[in-house]
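Each chain, letter by letter, is given below.
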Amino acid sequence: MLRLLEELKPRVALGLGLDPRARQVQVELVAVNYAYSEVSNVDGTKLDFREIIPGDLRVVYSTLPVREVVEICGARRLLPVRPSLGTGLFLCNVAGYLLMKYGVEKGVPAGFLHIPPSTVNLMRGETDYGFPLDTIVETVECVLEVAVKSFKH
């Protein structure tokens, strides 16, 4: 991901992760420089509380305009949008950490959202509920619009 961010140089960087228990879009405020998992990944590697980037910042903060995102996108009657401290310590946190670090270093809006399950997840039997995918997409688009407008000034 770091290589791609440096190569593509996005002016906005936003990661998405599915939270199967969420009933709103969660704008993550921070990510930490640690990865941990009790289960092994596909190649058998187990993340035993290791630093994502050894010796780097322990915490990075989202550079998304969280207050504006919550207020503006929430007012549009899409999905509720809430701030969150729930990136966990596995893949979502790793992606969030790298994105937020990029945003801090480059001075661009960057962060991570947890999104709720869609009706596709519901129809597959993966969850007990789901929101229309177009509503989830519209909410994410709203977050991006607010982020871009806030950084044009």
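Let us look at the structure shown here. Computed from a prediction, not measured in an experiment: that's the story for all the values here. (Residues numbered from 1 in each chain as written. Predicted model: local features only at pLDDT ≥ 70, side-chain atom pairs only at ≥ 80, totals over all residues. Heavy atoms only, no water.)

Here we look at the packing of aromatic side chains
Phase 1: Tallied over the entire structure, the rule returns two aromatic pairs.
Phase 2: The interplanar angle of 5° and the centroid separation of 4.6 Å between the aromatic rings of Y34 and F49 together place this pair among those described as stacked. Linking Y34 in the loop between β3 (30–32) and β4 (59–61) with F49 in the loop between β3 and β4, this pair joins segments that are 15 residues apart in sequence.
Phase 3: You can call F49 partly exposed: its relative accessible area is 46%. (Phe/Tyr/Trp six-rings, centres within 6.5 Å; stacked < 30°, edge-to-face > 60°. Helix = DSSP H or I, 4+ residues; strand = E, 2+ residues; numbered from the N terminus. Buried < 20%, exposed > 50% of the residue type's maximum accessible area, 1.4 Å probe, protein only.)

Some details on the nonpolar core
Phase 1: Formed by 16 residues in total, the largest nonpolar core has its most connected members in V25, V27, V69, C73, V81 and L113.
Phase 2: Looking at this core, the elements with two or more residues in it are β2 (25–28), α2 (66–75), β6 (110–115) and α5 (133–151).
Phase 3: It is α5 that contributes the most residues to this core, six residues altogether.
Phase 4: Other than its neighbours up to four places away in sequence, V27 contacts L64, V66, V69, V81, R82, P83, S84, F112 and L113.
Phase 5: Listed in part, the 13 residues of the second largest apolar core include A13, L99, M100 and Y102. (Core = buried A, V, L, I, M, F, W, Y, C linked by side-chain atoms within 4.5 Å. Contact = heavy atoms within 4.5 Å.)

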